[in-house]
Every structure is written in C-alpha cells, then in structure tokens.
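Examining the three-dimensional arrangement
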Amino acid sequence: MATAAAASASEAEAESKAGPQAEGEEDEAKAARTRRKVLSRAVAAATYKTMGPGWDQQEEGVSESDGDEEYAMASSAESSPGEYEWEYDEEEEKNQLEIERLEEQLSINVYDYNCHVDLIRLLRLEGELAKVRTARQKMSEIFPLTEELWLEWLQDEVSMALDGLDRERVYDLFERAVQDYICPNIWLEYGQYSVGGIGQKGGLEKVRSVFERALSSVGLHMTKGLAIWEAYREFESAIVEAARPIAGFLSPFDREQTFDSQLEKVHSLFRRQLAIPLYDMEATFAEYEEWSEDPIPESVIQSYNKALQQLEKYKPYEEALLQAEAPRLAEYQAYIDFEMKVGDPARIQLIFERALVENCLVPDLWTRYSQYLDRQLKVKDLVLSVHSRAVRNCPWTVALWSRYLLAMERHGVDHRVISVTFEKALSAGFIQATDYVEIWQAYLDYLRRRVDFKQGFNESGDPSCLIMQNWARIEARLCNNMQKARELWDSIMTKGNAKYANMWLEYYNLERAHGDTQHCRKALHRAVQCTSDYPEHVCEVLLTMERTEGTLEDWDVAVQKTETRLARVNEQRLKAAEKEAALLQQEEEKAEQRKRARAEKKSLRKKKKTRGADKHEVDEDDEKEWGDDEEEQPSKRRRVENSVPPAAGKVGLDLEEDTGPVDVEPPSKQKARAAAPKRDMPKVLHDSSKDGVTVFVSNLPYSLGAPEAALRPLFEACGDVVEIRPIFSNRGDFRGYCYVEFKEEAAALRALELDRKSVEGRPMFVSPCVDKSKHPDFKVFRYSTALEKHKLFVSGLPFSCTKEELEEICKAHGTVKDIRLVTNRAGKPKGLAYVEYENESQASQAVMKMDGMTIKENIIKVAISNPPQRRVPEKPEARKAPGGPLVPRQIYGARGKGRTQLSLLPRALQLPSAAGTQAENGPAPPPAGVTPAAEAPKMSNADFAKLLLRK
C-alpha cells in the first residue's frame, strides 16, 4: 500500500537521523507491515458482513476468524517465547523444586518483586497456565507491571481466547494494562486486537473508542505516537476501500450517509495528525497529498507549518533521549523543565508519564508529578490515580503516602477508604522509625480536622480522663518517658480528680511499675492532703510503703502527716454530723408542728359539725308559729357531682353549716346541666376473677359516640372479644375509659401492644386490669426508667417535627432502631423524643454531632437517656400519727394551695376556740391570764326568726 510504503520510508529516514540502530528493528518493521495487512483484511471481512454480498469476500480468501488468527501470529512474531525441548527429566524436577521454593518465599514476604518475576517465568516454562494466571494476578495487585510483563501476559491470554466471553476478559486485561504506565505498544496491541472483534455487536464503535483513547493518551508522543495515528488511519481507510465497490450502486443519500462520511473521517485523521509535532511529519503530509483527490485546504497547511516549527524546538530534547542510555533521568528532567515553561498541560502530563516508564522507582519524580497535578490540574480521578500508582511503585517512601492521604481528604474520599489506605501504609515496611511517626502524624492531623470541636465537645464526656490515663500508660510502658506520663497525670488531677483516692492510687501504681520510690512517696503525700472520699485508705498505703521501704525519718514524717490529716478529717466529719443532726431535728419539729395543726383542725371540724346538728332541732311551738306546711331546711349543702344551687325562694339561714370548699360552676354551665335530661345508665359491675383476660383502656376521647363499635375492630385483631364495657357518667356522658374482656389470656397480652395507639387524635392507654386496693404498689409504665446508653433523650424539638423528619436526621450517625415522640394525654407533641440506636458507640457519636443542632429555628439538646428517679408516693401507714388517727396529707383545700382559706362566718357569730388552740382563719387566742367569756348558748333557725320579729 502507498501509505505503508510512505511510512516505511519515513521510518528509514528517522533511523538514519538517529544514528545506528539495533538489528532487531528490521523485524519490527516486518511485524508492523504484517499487522497492517491483517488490519486491512479484518476490516474488509467485517465490512462485507455488514454491507452485504456486493463485495465478494470469498474471492479474496478472507474468513471471520482470519483476523484473530493472523493477529495472534503477528503479535507473537515479536516476543513469543521459543520452544523449549526438555532433554532430561532432572531439569523438570529441578524447576518444580525451584517453584516450590519461590512460593514459600512469597508466603513469607509478598513484596519480593524478583520472586514474583522468577515464579511467573518458571510456571510459564512448565505450561501451568492456570497457575501462571494466578501468579500474575497476585503480582499485579501489589506491583504495577512493566510493559514487557503486560505484553507477555496479553499475548498468552489472546492465544487462549476462544469465544466472546474470553474476548471480554481480554478487553478487561487490556484496560488494566493501560492504567499502570503510558505504553504506546500496549495501546497499539489493544487497538489491533479490538479490530478482530469488529464483526460482533458494537464492534466498530469499540474499535474507534479504543483508538480515540489511545490518541488522547499517547498521540502526542514525538517518536511512538506516529504508529497509533497510522494504525487508526489504516483502519478507517480499509473501511473506505471495502465500501468503494458498492458505492456506485447506492443512492445519493445513502452514498452521503455511508461512503462520503467515511471519507471525511480519514480526512479528519490526516488533519489532526498534521497539526501535532511528530517525527516524519513530511512523509505524512506527502501521503495525504497523494491520497486526497482534492487540494489540501490552506488552513491545514498553516497548521502543518506551525507544527513543524514546534518540532524544531522539541528535537534537541528528543535527540538527547535517543542518544542517552536508560534510565535517562537527567535528560527527562531537562525535558520536563522545558515543558513546564511552555505550560501545555497535556504535553506536561505526557512527558512525566514517559519519564516514569523508565524511572518508576524514583520517588522524587513521583512527588514532582503529583505536586503538579495537585496544584494545577486538580482533576479528582487523575490526581488519585497518580497518587495510587506512586505508592504502588515506591511503597517504602512515606512522603508519597502522606501526600496520598492529603489528596484523598482534599477530594472528599470516604473515611473508610482513607482508613484502609492508612493501614496499607503501615504495612508497607518503612525503613526508619521516623517514617512511622510521619505517617501517624498525617493521619492524626486528618482525624483532628474531621472533629467539629464546636459541636458540644467538652470534658463532660470523659470526666475520669480515661483517654489521658491510657496515654500516660503508653508513654511510661512503651515509650519509657515517665516525665511525659507525670505531666499527663498532673493535668488529670487538675481537672477535678484530686479528691478521689482511686485516681491517686492509679497514679501510684504507675510510679511503682515504671518510676522510682521518690516519686511514689511524693504522690502519696499529695494524695493524703487532697483526698476527701477515702483518706484512710490512702494513709494506709503510705504507711505500708514506708514500713517496707522507708527510713526512720520517712516513717516519722508519714505518721505525722497521716495523723494530722485523719484528725482534721474526723473533726470535719463531726461538724458535718452535728449540722446534719440539727437539720434533722428541725425537720422533725416542723413535722410535729404540722401534725398538731392538722389534729387541731380535725377536732375543730368535728365540733362545728356537732353544733350544726344541734341547731336543726326545732321545738313544736316554733314550728307552729311559722306554719305547719314549712319543711325543715337541709342541714348541710353536700358537694355532689353536677349539683345545682338551691332556688332563690328557699330560705338558707343555716349560718352554722360547714364553710369548707365548695365547687361552684358558672351559671351558664349550671343551667345547661340542669336542662340536660338525665339518663338512667346501668351501673357497670366488674368481675375481678376475670382480670387475667381483661384489659383496662383509658384516655379515650370523650366525644367517642359509640365506644364499643369504635374499639371492637381494634381489639378483635388480638383475639376473640367477649365484651367491651364503656363507663358513663350519671347523665350518660362517656368518661373516656372502658374494660375489654377476651376469651383467652394470650389475646389480652397481645392487646397490651396497642398501648399508645392513636384513636381520633389521642393516644389510647392499654394496661392490665389490676385491683389497686389489693395491689396498691402496682404501676404500669412500658418504658425503662434506668440508664440506657444506646438511647438518646432529645428535647427542644419544634412541635411540628414529625417522626420521619427526626429519623432522617438521626440515621446519619448510625442505625436507628426506634424513635418515640413524647405527647400529652391529648396526643399533642411536647417537643421531646427518645431515639434508640443499635449500640452505645453510635449513640455517643450522635450526642456529639446533634447536641446544639438547630432544627426549624429550634436549638435542640441531646443526651444519653437517664430519666430521674420517680418519687414514691407516701403510703397511708406513714401518715398515721403514733397512737392517733390518720392525718391528712396536706392542709390545703380540695383544689390545692390556690383556693381561699377565709372563713365566711361573720365575726359576731364566731366562737372562741379552746384555750391554747387557734382556728384556721379565726381570731387570735386571748393573751395569757385572760379568761375567755362564757360560751353563748346555741341558737336554732327559729331563734333567729324570733329575733327578727322582735325588731
């Protein structure tokens, strides 16, 4: 072909410019021509398959499998291993022993690079294909493979590929190969192998995608990029040649859509290549002129001339690389400096990659490359890929690991991935101890930046300073730095722990194990002076130490200090006991006074009731004077639920009746109640023998029209319901509670799970049916009242916050098992909630993150769930005075402290109390020595009527 001849001529010209070449280059040229021939024939076969029988494939002798077979022949022409002929069995046995030795060596040290290479070579000689594949896989996971190792692996896999599934596996292997280094030869092999699959579905798009990626990666390579351009162009030209015989039979529209568009692709490739400074550009331009039927556009000629000028600037550096011997680090450094001054990011990246192919074990080169990407390009995938390759090539360099951690943090990589990378760094095998310090410092800096110290991070989370205690132990035991350990313990004691004996004894034990006697004695002397909870124990430890190790002077000092301290402690304890006894006596006196006051009030009420009963005895004469038809007035106004005040026509002159607190309703409500018709509601009797199959339901809405019909569907889901007994008032109003009786006890237990279920907007309370008179201490509370470290108490929530919204916030800090919003009896939220996590660590993390958080303009408070202890109500037996009657719990009215305690009896009618006593709101007792006036005789209503008639 003309292009092949032109390419061969340009290659010969380049070889003459570069000086004497190796003998193997003739073989490379032959292999290149063979690949081009295979490329053209494979494209022709695929075109025939897609375009129809217009172009006879069989005349040319091309089959679908020729592409893969001839590609394998061409690719194996360069580096396929020779055939080994075994002459003796001893040599095979020797190889097996060597394989076993290498495998054992790798089991001890998996980072032995030479062992991996030797093992792969021997397994390949033995024909152990499965073992060779496994050995290569293990090596590629630890080290990046060189170009030679990848090509050898790829050729073996290509030769074993049989079907489409094997081809996909080879494609994946090519993708891994092109990621380790920039290797034009691997890209060329990848493109040519993909041509063999052009007959498959999407094969044409796959080939073009591979070649386009290859151009983006190595298309700018001054010396080796030309092969990629020519291979891609030959591929597109072969499609044109295959379609040319049938182009005359196509309509103008089809010809434009197929043949003309394909010609434009070849034109585009020529123009793109001529705009890039590459070796042998003149030959490419001459080939374009010969191939093109139209004159070359002026814009293409201008781009070509500009590229030639750029080529002249790059030639000195390229020629220096051609003349130098590997690894040519100095020449690459000069080339990199030049590219950095020009400032083209694509060419800078390419020259770095070219230099790293031969200098992959130079950490400084990786550092400079990664630093350029971090500061200039800042593309996440590219930056992290280069950092990952750097630590794989030079795992012993701690600076590369530190920069890798910083890059991952900078680009927002997940914390778990960063932690795994840090663990890999620790196992990389650094040479010096300072390297471990540096990587730990980098990781700790990262952890410190992750902590938000403004979100409630304070010392209350670790009051005993357990973390600092562990730190001090590590300093003393592992680092042999007792001075640092003592500084840490001084800091611990200054945080309010100096008064606890166990803290001082912990410090003393550390000094005994890793310190000296002098510091032990000093610590115990300080403990004797500061301890306030168990000073006797500390004094005993000090005396024991001096008894076994101290001198006579040390013993005397210890005895003096301990005696002085214990004397002072006993004195303080005596004063505290006296003060406590005084307070206790005062409380007892106050309690006794309250008891006497309650007893006096009780006796006073009894006297008033007796006088009231006497006043209602009316003689017959007085009754006749007022009329025979007049009925006796009621002796006392009783407090009855829904009572109505007497009518205005009734005479109520019973001024001596009880003046205790009376429930008086507003007139409007009293009229409404009076107008309401009374209904005779049957009294609901409860059989206590059925408590085991009955549940008590309360807090139901009073507006529930038919309680039995509304509740039956709910409870029938738990089991067979025998009866639902709602409780009504005397007027027939539902009182909000009822009894539900089941057939079986298991159904009643299942019904308890309906507790707090919403019924018409109110939480329904379901509890066991228990007789409180027989079990006064029985309480039903379904939630724990003890400390629960895996549960959080949240307060300050907005009333509009729903359970779903709170769960969305909480699940960011761990696995949420349950959320309970606290409501009042009416079902209205109280701004409180309990959040249950899977474990304690998640709950602790959530406390630090959520405490002080703002939710809908409300600042919430979050703490570990630890409800305060409920006060046990005072039992009736405790309120009985010794040898006396039951004393009321309080002296206030029926409605509490706010109800007035004023007496409504006129002063003129008030009777003085017995000597030494005082009525609740009556007149003060007479002074000492003054005898009270004689008690006035009792008067009835008739007596009062006579007094009025006399006036």
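Residues numbered from 1 in each chain as written. Predicted model: local features only at pLDDT ≥ 70, side-chain atom pairs only at ≥ 80, totals over all residues. Heavy atoms only, no water.

Remark: helix 20 (residues 398-410) packs on helix 21 (residues 415-426), axes separated minimally by 10 Å, with the N-to-C direction vectors making an angle of 180 degrees. The orientation of helix 20 with respect to helix 21, classified from their angle, is roughly antiparallel. Of the residues in helix 21, those in contact with Trp401, Tyr404, Leu405, Met408 and Glu409 of helix 20 are Val417, Ile418, Thr421, Phe422, Lys424 and Ala425. Looking at the contact of helix 20 with helix 21, its residues break down into eight nonpolar, one polar and two charged. (Axes fitted to C-alpha atoms, helices over the stretch in contact; angles between N-to-C directions. Helix = DSSP H or I, 4+ residues; strand = E, 2+ residues; numbered from the N terminus. Parallel < 35°, antiparallel > 145°, perpendicular 65-115°, else oblique. Contact = heavy atoms within 4.5 Å. Nonpolar A, V, L, I, M, F, W, Y, C, P; charged D, E, K, R; others polar.)

Turning to helix 22 (residues 433-450), a few remarks are in order. Its 18 residues give helix 22 an end-to-end C-alpha distance of 26 Å, which sits within 8% of 26 Å, the value for a rise of 1.5 Å per residue. Among all positions of helix 22, only Asp435, Ile439, Ala442, Tyr443 and Tyr446 are buried. For helix 22, the buried positions fall inside an angular range of 85 degrees around the axis, keeping them on one side. Exposed residues on helix 22 whose side chains face more than 90 degrees from its buried face are Ala433, Thr434 and Val437. Those residues of helix 22 that are buried are in contact with helix 20 and helix 21. (Expected span 1.5 Å × (residues − 1). Buried < 20%, exposed > 50% of the residue type's maximum accessible area, 1.4 Å probe, protein only. Arc of directions from axis to C-beta.)

Assignment of secondary structure puts Gln469 in helix 23 (residues 466-477). On the accessibility criterion, Gln469 (6% relative accessible area) is buried. Look past the residues within four positions of Gln469 in its chain and what remains in contact with it is Ser464, Trp489, Ile492, Met503 and Glu506.

As a further point, take the pattern of salt bridges. Counted according to the given criterion, the structure contains 40 salt bridges. Between Glu506 and Arg473 there is a salt bridge, and its shortest N-O distance comes to 3.0 Å. Placement of Glu506 in helix 25 (residues 501-514) and of Arg473 in helix 23 is noted, with a sequence separation of 33 residues between them. Among the ionic pairs, Arg486 bridges to Glu511, the shortest N-O distance being 2.7 Å. Residue Arg486 is located in helix 24 (residues 482-497), and its partner Glu511 is located in helix 25; the two are separated by 25 residues in the primary sequence. Each member of the pair, Arg486 as well as Glu511, is classed as buried. A single salt-bridge network, built from bridges that share partners, covers Arg124, Arg136, Glu152 and Asp156. (Salt bridge = Lys/Arg side-chain N within 4 Å of Asp/Glu carboxyl O.)

Let us now look at the confidence of the model for the protein chain. Any region with low pLDDT has predicted coordinates that should not be read closely. Looking at the protein chain as a whole, the pLDDT averages 77, with 71% of positions reaching at least 70. At the level of individual helices and strands, the protein chain shows its lowest average pLDDT in helix 3 (residues 57-60), which scores 36, and its highest in helix 20, which scores 96. In the model, residues 1-25 has pLDDT below 50 throughout and makes 22 contacts with residues more than four positions away in sequence or in other chains. Below a pLDDT of 50 lies the segment residues 875-902, which in the model reaches 31 contacts outside its immediate sequence neighbourhood of four places, other chains included. (pLDDT = per-residue confidence, 0-100.)

Before going further, it helps to examine the pairing of strand 6 (residues 788-795). Relative to strand 11 (residues 861-865), strand 6 is paired through five bridges, and the arrangement is antiparallel. Looking across to strand 11, one finds that Glu788 is bridged to Ser865. For strand 6 and strand 8 (residues 829-837), the ladder comprises five bridges, and the chain directions are antiparallel. The residue bridging Lys791 from the neighbouring strand is Glu836, located in strand 8. (Pairing = 2+ DSSP bridges.)

With that out of the way, let us pick up the nonpolar core. Formed by 107 residues in total, the largest nonpolar core has its most connected members in Ile186, Trp401 and Ile439. Not counting residues within four places of it along the chain, the set of residues in contact with Ile439 comprises Val398, Trp401, Ser402, Leu405, Phe422, Ala425, Leu426 and Phe430. Within the second largest apolar cluster, 30 residues are counted, among which are Met493, Ala498, Leu505 and Leu542. (Core = buried A, V, L, I, M, F, W, Y, C linked by side-chain atoms within 4.5 Å.)

Next up on the list: the environment of Gly796. For Gly796, the position within the fold is in the loop between strand 6 and helix 33 (803-810). Those residues in contact with Gly796 that lie beyond four places of it in its chain are Gly831, Asn858, Ile859 and Ile860.

How two helices sit against one another is set out by the angle between their axes and by the gap between those axes. Orientation of helix 26 (residues 517-530) relative to helix 27 (residues 535-549), taken along the N-to-C sense of each, is 150 degrees, at an axis distance of 9 Å. As the angle between them shows, helix 26 and helix 27 are arranged roughly antiparallel. Crossing of helix 26 against helix 27: the hand is left-handed. Counting all contacts with helix 26, which are made through Thr517, Cys520, Arg521, Leu524, His525, Ala527 and Val528, the residues of helix 27 involved are Val538, Cys539, Val541, Leu542, Met545, Glu546 and Glu549. Residue composition of the contact of helix 26 with helix 27, by class: nine nonpolar, two polar and three charged. (Left-handed = near helix turned anticlockwise from the far one by under 90°.)

Strand order in the open sheet made by the four strands is 7-8-6-11, with antiparallel pairing throughout. In the strand order of this sheet, the two ends are held by strand 7 (816-823) and strand 11, each with one partner. Neighbouring strand axes in the sheet, compared pairwise and without regard to direction, differ in orientation by 25 degrees on average. The sheet contact formed by strand 7 and strand 8 spans seven bridges and is antiparallel. By the bridge assignment for strand 8, Leu821 is matched with Ala833. Most of the contacts of helix 33 go to strand 7, to which it runs at about 140 degrees, and overall it touches strand 7 and strand 8. Packed onto the sheet, helix 34 (residues 840-850) meets strand 6, strand 8 and strand 11 and runs at close to 25 degrees relative to strand 6.

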